Amino acid sequence: SRQIVLASRPSGRPVPDNFRLEEVPVPRAPAGGLLLRVLYLSLDPYMRGRMDAAKSYAAAVEVGHVMVGESVSEVVESNHADYKVGDIVLAHTGWRDYAPSDGTRLRKLDPSLAPLTTGLGVLGMPGFTAWSGLHLIGKPKAGETVVVAAASGPVGSLVGQLAQMVGARAVGIAGGAKKCEYVKDELGFDAVIDHRSSDFADALAAACPRGIDVYFENVGGAIWDAVLPLLNTFARVPVCGLIAQYNGPSGNTAQDRLPRTMREILSKSLTLRGFINYEFADEHYPAFLDAVSKGIADGRIRYREDITDGLENAPAAFMGMLDGKNFGKAIVRVGG
Ligand code: NDP
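These numbers were taken from a predicted model, which means no experiment stands behind them.

Engineer: What exactly am I supposed to notice about the overall build of the protein here?
Structural biologist: Each helix and strand counted, the protein has nine helices and 15 strands in total. With respect to the principal axes defined by its C-alpha atoms, the protein has extents near 60 × 45 × 35 Å. For the protein, buried positions account for 51% of its 336 residues. Considering only intrachain contacts with a sequence separation of at least 6, the fraction spanning at least 24 residues in the protein is 67%. Only carbon and sulfur atoms are counted for the fraction: they give 53% of the accessible area of the protein, which is about 14800 Å².

As structure tokens, then:
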């Protein structure tokens, strides 16, 4: 059985040496617990934060320990009354082939309802993040303008589509022509801007002639600079992610934006509200699943997945995602 551990902590961008692939004996199911075989592993931007020593909203991965992560897994041994061999579950297994489980923090998936991989993306944590941040914090109304970056990814793509479902205008920001084309033509956003183009800020302003009412913050840095002057009075900003600064200060992410940001918060009565999706899960997960499953079934919601083959390729796919090389929800096929 293979596992990928944190070999050393990155300084700045992660490099291959920060990861190590190890061979270990297949673990046993604990008394009262289960043995899981990982089918699909999710790669998510938050994992970059876990590689640092500093405690964020969750504990760091220790050097030498298995990288954390959610997966779609199959129960291959069960000493637990609620699970039988062959059940498919969402689990916090980490980056490995097999994982023991005590039976907590698992969610059963029904393979007949949707492709299994959707449990890691549009119908899983990223989808719920989009749904909860937009509806519970952003609260867009018909006719308003909603802007979101990383617009071809699992969070951003759903934010824009949900915004349109309440009658708002969706403006996406994405990196490169291929992603922009997808966001505009296949997801149907009202407009899309390439953040790598030299006239990015002007193009964003032109795409938002009536300003911005909801900015769903996924990135920070240069994108925030372009958005801030366009925010309307009483605009709402769900602060979901700051991927431009996850690798630490570099280039223009090191700038001090606080004075300008505070002035705009005051003078335009802005609401900035950070959130971690699970604060809303107990109360709202069923409503999200119901709404988004229906949207997928009737074709109003589309999604895209970027599946890499083989656990050994997880580090490269993960490092690529932080650089925008993924095109859709980043997933690794481990045993699926
Ligand atoms: P994505 O699959 O969209 O991957 C990240 C994308 O971010 C890249 O593909 C790239 O897209 C974009 N990106 C990376 N660096 C930059 C940069 N410097 N400037 C602009 N864009 C950049 O990820 P997710 O949909 O899973 O996550 C999106 C955001 O949501 C992340 O910030 C993540 O941390 C956050 N998040 C927060 C949660 C919460 O509970 N608060 C839960 C889940 C996610 P492109 O090529 O288009 O630039």
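Engineer: Where do I start with the side chain of Lys179 in this structure?
Structural biologist: By the element assignment, Lys179 lies in helix H4 (residues 177-186). For the buried Lys179, no salt bridge exists, and the shortest N-O distance to an oppositely charged side chain is 7.5 Å, to Asp306. For Lys179, the residues in contact, after removing those within four places along its chain, are Ser152, Ala174, Gly324, Asn326 and Phe327.

Engineer: In this structure, what is going on with the domain arrangement of the protein? I would like to understand it.
Structural biologist: Quoted interface sizes are often the accessible area lost when the parts come together. Taken domain by domain, the protein comprises domain 1 (2-120 + 303-333) and domain 2 (125-278). Taken residue by residue, the interface counts 20 residues in domain 1 and 13 residues in domain 2. Summed over both partners, the interface of domain 1 with domain 2 comes to about 1400 Å²; 60% of that surface belongs to carbon and sulfur atoms. Between domain 1 and domain 2 we count zero salt bridges in total. Inspection of the domain 1/domain 2 interface yields three residue pairs in polar contact (both at pLDDT 80 or more).

Engineer: Help me understand helix H3 (residues 154-165), please; the structure alone is not making it clear to me.
Structural biologist: The end-to-end C-alpha distance of H3, which contains 12 residues, comes to 17 Å, matching closely the 16 Å that a straight helix rising 1.5 Å per residue would cover. Where burial is concerned, most of H3 is hidden: 10 out of the 12 residues are buried. Inspection of H3 places Pro154, Val155, Gly156, Ser157, Leu158, Val159, Gly160, Gln161, Leu162 and Ala163 among the buried residues, and these make up the whole buried set. Tucked inside the fold, the buried residues of H3 contact helix H2 (125-138), strand S8 (145-149), strand S9 (169-174), strand S11 (212-216), helix H8 (281-297) and strand S15 (329-333).

Engineer: Got a minute to help me understand the side chain of Gln3 in this structure?
Structural biologist: Tracing the chain through its elements places Gln3 in strand S1 (residues 2-6). For Gln3, a relative accessible area of 12% gives the class buried. Gln3 has contacts with Arg20, Leu21, Glu22, Val24, Val66, Trp95, Arg96 and Leu311, leaving out every residue within four places of it along the chain.

Engineer: Honestly, the environment of His195 in this entry has me stumped. Any pointers?
Structural biologist: Its location among the elements puts His195 in the loop between strand S10 (191-194) and helix H5 (200-207). With 49 residues separating them along the chain, His195 and Ala244 place their C-alpha atoms 12 Å apart.

Engineer: Please explain the sheet that holds strand S13 (residues 271-274) as it appears in this structure.
Structural biologist: The pairing of strands in a sheet comes from backbone hydrogen bonds and takes either a parallel or an antiparallel form. Taken in spatial order, the six strands line up as S10-S9-S8-S11-S12-S13 in an open sheet, and their pairing is parallel. One side of each edge strand has no neighbouring strand; the edge strands of this open sheet are S10 and S13. Recorded for the sheet is a direction-independent mean angle of 15° between the axes of neighbouring strands. As judged from the two bridges shared by S11 and strand S12 (residues 231-239), these two strands associate in the parallel manner. What sits directly across from Val214, in S12, is Arg236. Running over the sheet, H4 touches S9 and S10 and is turned about 170° from S10.

Engineer: Help me out: how do you make sense of the site of the ligand in this one?
Structural biologist: The environment of the ligand is made up of 27 residues, and the closest members are Lys179, His195, Tyr246, Asn277 and Asn326. Between the ligand and Lys179 there is a distance of 2.6 Å, counted from an oxygen atom to a side-chain nitrogen or oxygen. At 2.7 Å from an oxygen atom of the ligand is found a side-chain nitrogen or oxygen belonging to Asn326. In the complex, 91% of the free accessible area of the ligand, which totals 910 Å², lies under the protein chains. Contributions of two or more residues to the shell around the ligand are made by H2, H3 and helix H9 (314-322). Looking at the shell around the ligand, its residues break down into 17 nonpolar, nine polar and one charged.

Engineer: Is there a simple way to think about H9 in this case?
Structural biologist: Because each turn of an α-helix spans 3.6 residues, side chains separated by three or four positions in sequence point in the same direction. Most of H9 is tucked away: eight of the nine residues are buried. Every buried residue belonging to H9 is among Ala314, Pro315, Ala317, Phe318, Met319, Gly320, Met321 and Leu322, and all of these are buried. Contacts from the buried residues of H9 go to S1, strand S2 (19-23), strand S3 (34-42), helix H1 (46-50), strand S14 (305-309) and S15. Immediately downstream of H9, the backbone of Gly324 shows phi near 80°, a positive value.

Rules and cut-offs
Residues numbered from 1 in each chain as written. Predicted model: local features only at pLDDT ≥ 70, side-chain atom pairs only at ≥ 80, totals over all residues. Heavy atoms only, no water. Helix = DSSP H or I, 4+ residues; strand = E, 2+ residues; numbered from the N terminus. Buried < 20%, exposed > 50% of the residue type's maximum accessible area, 1.4 Å probe, protein only. Contact = heavy atoms within 4.5 Å. Areas by Shrake-Rupley, 256 points an atom, 1.4 Å probe, with all protein chains shown as cover. Lys, Arg positive; Asp, Glu negative; His and termini not counted. Salt bridge = Lys/Arg side-chain N within 4 Å of Asp/Glu carboxyl O. Domains from an automatic or database assignment. Buried area = accessible area lost by both parts, 1.4 Å probe. Polar contact = N/O pair within 3.5 Å; in protein donor to acceptor, adjacent residues only side chain to side chain. Expected span 1.5 Å × (residues − 1). Pairing = 2+ DSSP bridges. Axes fitted to C-alpha atoms, helices over the stretch in contact; angles between N-to-C directions. Near = heavy atom within 4 Å. Nonpolar A, V, L, I, M, F, W, Y, C, P; charged D, E, K, R; others polar.

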